[in-house]
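# Notes for the structure review
Below are the chains, spelled out letter by letter.
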Amino acid sequence: MNFSSCAFKSISRTKNVTYQQATSSTKEQQLNVFAAKKSAVLKDVFIFIHGGNWNSGNKSLYSFLGSRLARKNVVAVIINYPLSPDAKYDEMALACAKAVQWTKENIKKYGGDSSRIFISGHSAGGHLAALISVDNTYFEKLNITNPIKGTILIDAAGLDMYDYLKKENFHEGHTYIKTFTNDSAQWRKSSPIYFLDKSDPPMLIYRGGKTYPSIIESNEKFILAIRKFAPGTPYYIQEYKKHVPMIFQYLNSYNVHYREIIDFMNATR
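A brief structural summary. Since we're looking at a predicted model, the values are computed, not measured.

### So, the overall build of the protein
Check the secondary structure of the protein and you find ten helices and eight strands. Since a compact globule built from 269 residues should have a radius of gyration of about 18 Å, the 17 Å found for the protein is in line with a globular shape. For the protein, the spread of C-alpha atoms along the three principal axes comes to 55 × 45 × 30 Å. The burial tally for the protein puts 55% of its 269 residues in the buried class. By sequence separation, contacts in the protein at least 24 residues apart represent 75% of the contacts at least 6 residues apart. On the protein, roughly 11700 Å² of surface is accessible, and the fraction owed to carbon and sulfur atoms is 50%. Placing the 34 positive and 22 negative side-chain charges of the protein at their respective mean positions leaves the two points 10 Å apart.

Here it is, written out as structure tokens:
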């Protein structure tokens, strides 16, 4: 692929598509789709889950990512999901699984290949992407088989919330207790590291060298755990990057990690 020719490719943007109706406790959830125009060949699909400490963030901040991926012949889906304190982590994860289900059922009309769905997330979004990739409970609730072909984590938080919350001993009103409850059994259920096995989709993992200590610790534990089942799992440490720049570096259309991500997706064929 000639990346230098991708920056000006014509793309379509379909915004605010509802994938989950409002409930008594949560708002309607929507997603945006970015795709190349007039594409005769079905493309790989990249679903992105935003970060924001599980209590903030919005898909609209990441349109740049969708646009740039679409110009690189990837169909991008950028989603919202219910946030704390209105939703617990498992409600967020189920919503993300529903977004994947919507994508599976509808993405062909946007030029996407429904058998080639990859999921990604930054920070809290990385946690949710990892969780639904390795814990099939969320797709089982939807009566579908986990359709995720591969997972790309970008400075993911919360990969071992059980260990983190035990150490921190937060007070009852803390935002993480609102999200993950004060039940240590739920902390373990929320932690992707405890669901790893040989059947998991392949992963590509990025971590900032100057990110938060809790993210460094959990990512280091996670990569050691995952390599017991998938020894070749690529793990890139960007030595000088802090947490937020780990995602906003993708504002640069020519960022080398775009190529790594696309190469990773191609390697699953």
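### A word on the sheet that holds strand β2 (residues 29–36)
Pairing is mixed in the open sheet, where eight strands are placed in the order β1-β2-β4-β3-β5-β6-β7-β8. Only two strands of the sheet have a single neighbouring strand rather than two, namely β1 (11–20) and β8 (235–238). Recorded for the sheet is a direction-independent mean angle of 20 degrees between the axes of neighbouring strands. The pairing of strand β3 (residues 43–49) with strand β4 (residues 75–79) spans five bridges and is classified as parallel. The residue bridging F48 from the neighbouring strand is I78, located in β4. Along the sheet, helix α1 (residues 63–70) contacts β1, β2, β3 and β4; its crossing angle with β2, the most-contacted strand, is approximately 30 degrees. Seen against the sheet, helix α8 (residues 213–226) touches β6 (148–156), β7 (203–208) and β8 and runs at an angle of roughly 155 degrees to β7.

### Quick look at the packing of aromatic side chains
For the structure on display, the rule yields 15 aromatic pairs. Relative to F264, the ring of F118 lies with its centre 6.4 Å away and its plane at 65 degrees, an arrangement referred to as edge-to-face. Taken as a pair, F118 in strand β5 (residues 112–123) and F264 in helix α10 (residues 256–266) lie far apart in primary sequence, 146 residues in all. A centroid spacing of 5.7 Å and a plane angle of 80 degrees characterise the contact between F170 and Y176, whose relative ring orientation is edge-to-face. Taken together, the ring pairs connect W54, Y89, Y164, F170, Y176 and F180 into an aromatic cluster.

### Some points on the nonpolar core
Counting 58 residues, the largest nonpolar core has L31, W54, I79, Y81, I132, L153 and F222 as the members making the most contacts within it. Ranked by residues supplied to this core, first place goes to helix α2 (residues 89–106) with nine residues. Setting aside chain neighbours within four positions, we find F222 in contact with L153, L159, P192, I193, L196, M203 and I205. If you look at the next biggest cluster of nonpolar residues, it comprises 25 residues, including Y62, L65, A70 and A76.

### A look at the environment of D183
Mapping D183 onto the fold places it in the loop between α6 (175–180) and α7 (184–189). Taking the relative accessible area as the measure of exposure, D183 reaches 35% and is therefore partly exposed. For the pair D183 and I237, spaced 54 residues apart in sequence, the C-alpha separation works out to 33 Å. Polar side-chain contacts of D183 include one of 2.9 Å to the backbone nitrogen of A185.

### Structural notes on the side chain of H122
Relative to the elements of secondary structure, H122 occurs in strand β5. Residues in contact with H122, not counting those within four places in the same chain, are F48, I49, H50, G51, I154, D155, H243, V244, M246 and I247.

### Here's the deal with unusual backbone geometry
Of the consecutive residues S84 and P85, the connecting peptide bond is found in the cis state with omega at 10 degrees. Looking at the secondary structure, you find P85 in the loop between β4 and α2. You will see that W54, though not glycine, has its phi angle at about 70 degrees, which is positive. Along the polypeptide, W54 turns up in the loop between β3 and α1. Phi at N169 is positive, roughly 55 degrees, even though this residue is not glycine.

### Topic: the pattern of salt bridges
Counting across every chain of the model gives seven salt bridges. E217 serves as the salt-bridge partner of K167, at 2.5 Å between the closest nitrogen and oxygen. Here K167, found in helix α5 (residues 161–168), pairs with E217, found in helix α8; they are 50 residues apart in sequence, far enough to count as distant. The residue E220 makes a salt bridge to R207 at a minimum N-O spacing of 2.5 Å. Of this pair, E220 sits in helix α8 while R207 sits in strand β7, and the two are 13 residues apart along the sequence. On the basis of relative accessibility, which here comes to 30%, the residue E220 falls in the partly exposed class. Look at R207 and you get buried, because its relative accessible area is 7%.

Reading guide: rules and limits
- For every chain, the first residue of the written sequence is number 1, and numbering continues from 1 along that sequence.
- Where totals are concerned, whole chains, interfaces and linings use all residues; where local detail is concerned, this predicted model gives features only for residues with pLDDT of at least 70, and gives and counts side-chain atom pairs only at 80 or more.
- Only hydrogens and water are removed before side-chain values are computed, so all heavy atoms of the structure are retained for them.
- Numbering of helices and strands runs from the N terminus; a helix is a DSSP stretch of H or I covering at least four residues, while a strand is a stretch of E covering at least two.
- As defined in this context, the radius of gyration uses C-alpha atoms, and a globule is described by 2.2 Å times the residue total to the power 0.38.
- Burial classification: accessible surface area is computed with a 1.4 Å probe over protein chains only, and a residue below 20% of its type maximum counts as buried, one above 50% as exposed, and the rest as partly exposed.
- By the convention used here, residues are in contact when the closest approach between their heavy atoms is within 4.5 Å.
- In short, Shrake-Rupley with a 1.4 Å probe defines the accessible areas, and a residue's cover is counted only from the protein chains shown.
- Asp and Glu are treated as the negative residues and Lys and Arg as the positive ones, with His and the ends of the chain left uncounted.
- Working definition for charges: the position is that of NZ of Lys, CZ of Arg, CG of Asp or CD of Glu.
- Paired strands, as defined in this entry, are two strands with at least two bridges between them according to DSSP.
- With axes taken as lines fitted to C-alpha atoms, and helix axes fitted only over the stretch in contact, angles between N-to-C directions fall between 0 and 180 degrees.
- Geometry of aromatic contacts follows a simple scheme: Phe, Tyr and Trp rings, the Trp one being its six-membered ring, pair when their centres are within 6.5 Å, and the pair is stacked under 30 degrees between planes, edge-to-face over 60, tilted otherwise.
- We define a nonpolar core as any set of buried Ala, Val, Leu, Ile, Met, Phe, Trp, Tyr and Cys residues linked to one another through side-chain atoms lying within 4.5 Å.
- In protein, a polar contact means a hydrogen-donor-capable atom and an acceptor-capable atom, both N or O and within 3.5 Å, with residues adjacent in sequence counting only if both atoms are side-chain atoms; elsewhere, any N or O pair within 3.5 Å suffices.
- By convention in these notes, a salt bridge is any Lys or Arg side-chain nitrogen within 4 Å of a carboxyl oxygen on Asp or Glu.

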